[in-house]
Amino acid sequence: MTPGERHESVLSFLERRKSVPLSQFRGPGPDEPTLRRLIGIATRVPDHGRLEPWRFIIYRPEHGARIGEALAELALRRNPQMREDELDRERKRLSRAPVAVGVVSTAAEHERIPVWEQFLSAGAAAMNLVTAATAHGYAVNWVTGWYSDDAEARAVLGLSPHERMAGIVHIGDYDTMVPDRPRPDTDALISTYGGPARA
Ligand SMILES: Cc1cc2nc3c(=O)[nH]c(=O)nc-3n(C[C@H](O)[C@H](O)[C@H](O)COP(=O)(O)O)c2cc1C
């Protein structure tokens, strides 16, 4: 990267990037070296204080099936009225894609760096993983769920009590381009501000 060097193909890619519905995922998805490269790119994010307040858990479908079973058991304990189709959804949560990567926020109180900023860095890492995997040609979808807000469920997913799941990034192959969803009206989101009015 040199000053002023323009990466037009990257800009054009970012203008078109979109997620693929999980129903369209198929194998084989990334092999281990490719996945590790993508996760390496995910770590290349702004990180105030260089705390590295994130880590990554790789869930392959064979492990995802076992974890899903435990999640379904827990979900049933939380809500004994759950229907069988809902339980089945829990069972399959981590085995719907060739690989799912848990982007874990390890944020902790720090004398100088707010926890909020550490959370944001984990979100940036998750987005970098989404972008990198999409750029590699994979189907990608960033999902969270009730398990992120449930301490026992987080333990089932391999998290320590103080950790939070920023997102589970599903990665696989796909065959069909999906239509884009409506995108925000950027002009409506942008303003300029010159400071408070003087009395
Ligand atoms: C933190 C976070 C959590 C999400 N969790 C879910 C989820 O649990 N279920 C879901 O269907 N979509 C979820 N999404 C949205 C999907 O990623 C969605 O497919 C995405 O917004 C599509 O937009 P894109 O095409 O710009 O990637 C989540 C998004 C974010 C940022």
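Residues numbered from 1 in each chain as written. Predicted model: local features only at pLDDT ≥ 70, side-chain atom pairs only at ≥ 80, totals over all residues. Heavy atoms only, no water.

J.: Looking at this model, I keep getting lost on the overall build of the chain. Mind explaining?
T.: Each helix and strand counted, the chain has seven helices and four strands in total. Put simply, the chain runs from its N terminus to its C terminus through helices and strands in the order α-α-β-α-α-β-α-β-α-β-α. Its C-alpha atoms give the chain principal-axis dimensions of about 60 × 45 × 35 Å. Considering the chain as a whole, with its 199 residues, one finds that 39% of them fall into the buried category. Taking the intrachain contacts of the chain between residues at least 6 apart in sequence as the baseline, contacts between residues at least 24 apart amount to 79%. Carbon together with sulfur atoms contributes 53% to the accessible area of the chain, which is approximately 12,400 Å² in total. (Helix = DSSP H or I, 4+ residues; strand = E, 2+ residues; numbered from the N terminus. Buried < 20%, exposed > 50% of the residue type's maximum accessible area, 1.4 Å probe, protein only. Contact = heavy atoms within 4.5 Å. Areas by Shrake-Rupley, 256 points an atom, 1.4 Å probe, with all protein chains shown as cover.)

J.: Even after reading the chapter, I still don't get the packing of aromatic side chains, so can you show me in this structure?
T.: Aromatic ring pairs: the centre-centre distance and the angle between the two ring planes describe each pair. Taken as a whole and assessed by the stated rule, the structure comprises one aromatic pair. Each ring, one from tryptophan 54 and one from phenylalanine 56, has its centre 6.4 Å from the other, and the planes form 45°; the classification is tilted. (Phe/Tyr/Trp six-rings, centres within 6.5 Å; stacked < 30°, edge-to-face > 60°.)

J.: Honestly, the pattern of salt bridges in this entry has me stumped. Any pointers?
T.: A side chain of one charge can pair with a side chain of the opposite charge when the charged atoms of the two come close. Scanning the model with the defined rule gives 17 salt bridges in all. The partner of arginine 6 in a salt bridge is glutamate 8, and the shortest N-O contact between them spans 2.9 Å. Between arginine 78 and aspartate 150 there is a salt bridge whose closest N-O contact spans 2.5 Å. Here aspartate 150 lies in the loop between β3 (139–143) and α6 (151–156) and arginine 78 lies in helix α3 (residues 61–78), a separation of 72 residues in the sequence. (Salt bridge = Lys/Arg side-chain N within 4 Å of Asp/Glu carboxyl O.)

J.: Honestly, the side chain of serine 121 in this entry has me stumped. Any pointers?
T.: Within the element layout of this structure, serine 121 appears in helix α5 (residues 115–135). With residues near it in sequence (within four places) discarded, serine 121 still touches Val45, Pro46, Asp47, Pro53 and Trp54.

J.: What am I meant to see in the site of the ligand here?
T.: Close to the ligand lie Arg17, Lys18, Ser19, Asn141, Trp142, Val143, Thr144, Arg181 and Arg183. One of the backbone N or O atoms of tryptophan 142 is found 2.7 Å from an oxygen atom in the ligand. A distance of 2.7 Å separates an oxygen atom of the ligand from a polar atom in the side chain of arginine 183. Look at the ligand: alone it shows 640 Å² of surface, and the protein chains cover 56% of it. (Near = heavy atom within 4 Å. Polar contact = N/O pair within 3.5 Å; in protein donor to acceptor, adjacent residues only side chain to side chain.)

J.: Teacher, can you tell me more about α5 here?
T.: For α5, spanning 21 residues, the distance from its first C-alpha to its last is 30 Å, which sits close to the expected 30 Å at 1.5 Å a residue. Among all positions of α5, only Gln118, Ser121, Ala122, Ala125, Ala126, Leu129, Val130, Thr131, Ala132, Ala133 and Thr134 are buried. In the core, the buried residues of α5 are packed alongside α1 (8–16), α2 (32–42), β1 (54–59), β2 (99–105), β3 and β4 (164–172). (Expected span 1.5 Å × (residues − 1).)

J.: Explain the packing of α3 against helix α4 (residues 84–92) to me, please; I cannot follow it from the model alone.
T.: Pairs of packed helices are described in terms of their axes, by the angle between the two and the distance that separates them. As a packed pair, α3 and α4 sit with axes 6 Å apart at the nearest point and diverge in direction by 140°. Compared by their axis directions, α3 and α4 come out oblique. In terms of crossing hand, the pair formed by α3 and α4 is right-handed. Between α3 and α4, the residues in contact are Gly64, Ala65, Gly68, Glu69, Leu71, Ala72, Ala75 and Leu76 and Leu87, Glu90 and Arg91, respectively. When grouped by side-chain class, the residues that make up the contact of α3 with α4 number six nonpolar, two polar and three charged. (Axes fitted to C-alpha atoms, helices over the stretch in contact; angles between N-to-C directions. Parallel < 35°, antiparallel > 145°, perpendicular 65-115°, else oblique. Left-handed = near helix turned anticlockwise from the far one by under 90°. Nonpolar A, V, L, I, M, F, W, Y, C, P; charged D, E, K, R; others polar.)

J.: Would you explain the UniProt feature "binding site: FMN" (unreviewed entry) in the chain in this entry?
T.: This chain's UniProt record puts "binding site: FMN" (unreviewed entry) on Arg17, Lys18, Ser19, Arg44, His48, Trp142, Val143 and Thr144. Of the residues just listed, which span 128 residues, the most distant C-alpha pair is 28.2 Å apart, and they do not cluster in one region. Its place among the elements puts histidine 48 in the loop between α2 and β1. Beyond its immediate chain neighbours, meaning those up to four positions away, histidine 48 contacts Arg112, Ile113 and Glu117. (UniProt positions renumbered as here; feature names shortened; annotations may be inferred.)

J.: What am I meant to see in the UniProt feature "domain: Nitroreductase" (unreviewed entry) in the chain here?
T.: The sites that UniProt annotates as "domain: Nitroreductase" (unreviewed entry) are residues 16–172. Along residues 16–172, the helical share is 42% and the strand share 17%, with 19 Å between the first and last C-alpha atoms.

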